[in-house]
Amino acid sequence: MEKNKKIAPTLLFIFGGSGDLNFRKLTPALFNLYIDGWLPEKITITGIARTDYDSKDYRERLHEGIQQFSRRKEWPEGKWETFAEKLNYIQLDVKQKEDYEKIGKHIEEKSKEFGSHPNVIFYMAVAPQLVPAIAQNLRQLQVCADSKCSRIVVEKPFGHDLKSARELNKLLGGLYKEEQIYRIDHYLGKETVQNILAFRFANALFEPVWNRNYIDHIQITASETVGVEDRGGYYEGSGALRDMVQNHILQLLCMIAMEPPLSFDANEIRNKKVDVLNAIRKITRENVHENAVRGQYSSGWMKGEQVKGYREEPDVSKNSATETFAAVKFFIDNWRWQGVPFYVRTGKRLNAKASVISVAFRPAPNYSFPKEATETWRPNRITFSIQPDMDIRLRFQAKRPGTELSLNPVNMVFNYKQAYEEGEPEAYETLLLNAMEGDPTLFMRSDQVEASWEVIMPILEAWESRPPVDFPNYSPGSWGPEDMEALIAREGHNWVTLPLPPSDKKPGE
Ligand code: BG6
C-alpha cells in the first residue's frame, strides 16, 4: 500500500549505478522504502554508468546487493519482482554530452506514460571529480531549469578543502538554485542523531541545564574497527580529518550545541547550525599542536587476527603521511558554551565500533556526605549512543542498598530496540525519502559546508606543512596514539571508556 501521498511521480537517476554505494546502500534503502509503502506507485529508478549491462543483469546484481546488505533479511513474496520492474539501466559516458539525450528520452517517455510531470532526481554516487562534468552536462536537459521539480543529490566529500568546496558551490550555484542542491551527510539520517533535537527541545528537563553553568565538557567519538579496506586510493587524499571530522562529527557537534530553532523549517535549523560553526574558536596554525592530535595505525593483531598497517594497505604509499586517527579540542565562543571544551576523536582500526556523544556535567558538591560514601562518586553524565547500540543513558548517584550510606553511579537507560518494536530505517532510507519529498532539512546548505571547512583548514594546513615523524603511532585494536590522552588531560579530563556496556541487559546478565 502506498503510504506517502506527498511524493509526486518520480524519476530517480543514480550516477554511479554500477558502484558500491548503490549496490550496498542506495538500492537496499529504496527497496526497504518500497516494502514499507513509502515510494510512489509511479516511479522509475535508473542506474547510470559506463559498464555494459542489460537491464536483466543489472537487476540481478542489485538483487545480490539487497540480499547481502539490506537490513531486512526477508520480505513478502513477490515484492522483489514488482520492485525490480521499476529498475532500469542506462549506459552512458558522463563526459559525453550527447549521451545525456538517453536520459532526456527516458524522461520524455515516462512523463507521457505517467500522464503527469514527474519529479526528477539525479543522485551523484560518483567520484567527486566527476560531479562538475555531470552537473554541467545535465543542464542541457530542460527539466533541470525547473527548480520546483528537479534536484541533484551530491555525496561527500564536498570539496577537498575550503577553496575547492567554494569553487564547487560556485559552479553548482551557477547551474542550479540552492533549493535544488541536496548535499548528503549520511550521519544526519541516523535515527539517534535526529533524536538529539527531540531530546533537547521537546523536554523541559534538559535545556535549562544545557550550558556552561552545568556542563563541564562534551566528548564525541566515532571509532571504527575496520581499516581503509579497498578505499586506499580515496583515503590517501583524504585522511580522518576530512573523511569524518569536517562533515559527520562537526554536524553532531552542531546538533548538540545549537540554539533552539524557532521552527523546524529547513532553513531555520540550518541557520542555527551555521551559527555554531561560526562561533567555533579559530585554531591557528601555530597552536594546532595544542588542539589536535593525529595518528596512523601500524600492523598488528586485532581480536586474534593479524592485520596490515595503513602503509601496507592497497593503493597506499609506503611512507604515507595520511592520518587514520584525529582528535581535536574545540571551544565555542558564545554565551552558552564559553569555556566548555568539546573533544572529538575518530579513527580506523580502533578497539571498537562506536559513535557516542557524552555530555559530562559539573560535579555536585559532595561535602555533606561522609567521605567513605563518596568514594565512587561520579558527576552526572548524559550519553547518546548512536551506534552500535541505540540508546540514551543518564548517569546519576544512587544509594547502594544496605545499612551503610554508600553511593554508586547508576544509569537510567532508554534503549530504542526495547522501546520500539518496529525496525528503524537506515540513514539512506530517510535521506532518499526526504530528497524525494523535497525536504532539505537533513542536507547541508552551501554555507554550512564552507563554514565547516573553515573550521578544519588551519589543522589541515599545519599537518600538511609538518609531516609526521612518528607514523605509524598506534596499534590496531588500541584507542589511538598516546598523545590523545595529553590533549584532554590538560584540562583534567579523561576520554570516556568505550565500548559502553550493553544497555539492553541487566548488570551481570
Ligand atoms: C563515511 C566515511 O562517510 O563514513 C567512511 O567515508 C566511514 O570512511 C563511514 O567508514 C562511517 O560511517 P558509519 O555510518 O559506519 O559510522
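Above: the structure in question.
Residues numbered from 1 in each chain as written. Predicted model: local features only at pLDDT ≥ 70, side-chain atom pairs only at ≥ 80, totals over all residues. Heavy atoms only, no water.

Undergrad: Before we go on, may I ask you to explain the packing of aromatic side chains in this structure?
TA: Note on aromatic pairs: each is described by the distance of the centres and the angle between the planes. Scanning the model with the defined rule gives 28 aromatic pairs in all. For the pair Phe31 and Phe83, a centre-to-centre distance of 5.1 Å together with 45° between the ring planes defines the contact as tilted. Of this pair, Phe31 sits in helix 1 (residues 20–35) while Phe83 sits in helix 3 (residues 79–84), and the two are 52 residues apart along the sequence. On the accessibility criterion, Phe83 (0% relative accessible area) is buried. Taking the centre distance of 6.2 Å and the plane angle of 80° together, the rings of Phe414 and Tyr420 count as edge-to-face. What makes Phe414 partly exposed here is its relative accessible area of 28%. (Phe/Tyr/Trp six-rings, centres within 6.5 Å; stacked < 30°, edge-to-face > 60°. Helix = DSSP H or I, 4+ residues; strand = E, 2+ residues; numbered from the N terminus. Buried < 20%, exposed > 50% of the residue type's maximum accessible area, 1.4 Å probe, protein only.)

Undergrad: Even after reading the chapter, I still don't get the sheet that holds strand 13 (residues 354–361), so can you show me in this structure?
TA: Strand pairs in the sheet, formed through backbone hydrogen bonds, run parallel or antiparallel to each other. Strand order across the open sheet formed by eight strands is 8-11-12-7-13-14-15-16, with mixed pairing between neighbours. For this open sheet the edge positions go to strand 8 (292–295) and strand 16 (407–415), each flanked by a neighbour on one side alone. When the angles between neighbouring strand axes are averaged without regard to direction, this sheet yields 15°. Summarising the sheet, strand 14 (residues 381–387) and strand 15 (residues 391–399) pair through five bridges and their orientation is antiparallel. Looking at strand 15, one finds that Ser385 is bridged to Asp391. (Pairing = 2+ DSSP bridges. Axes fitted to C-alpha atoms, helices over the stretch in contact; angles between N-to-C directions.)

Undergrad: How do you make sense of the pattern of salt bridges when you look at a structure like this?
TA: Two side chains of opposite charge can pair, provided their charged atoms sit close to one another. Scanning the entire structure with this criterion turns up 27 salt bridges. In this structure, the salt-bridge partner of Arg72 is Asp36, at a minimum N-O distance of 2.4 Å. Placement of the pair is Arg72 in the loop between helix 2 (55–69) and helix 3 and Asp36 in the loop between helix 1 and strand 2 (43–49), with a sequence separation of 36 residues. Taking the relative accessible area as the measure of exposure, Asp36 reaches 22% and is therefore partly exposed. For the salt bridge of Arg285 with Glu461, the shortest nitrogen-to-oxygen distance reads 3.9 Å. Linking Arg285 in the loop between helix 10 (266–279) and helix 11 (288–291) with Glu461 in helix 14 (residues 446–465), this pair joins segments that are 176 residues apart in sequence. Owing to a relative accessible area of 36%, Arg285 belongs among the partly exposed residues under this scheme. Each of Asp36, Arg71, Arg72 and Glu429 takes part in a single network of salt bridges with overlapping partners. (Salt bridge = Lys/Arg side-chain N within 4 Å of Asp/Glu carboxyl O.)

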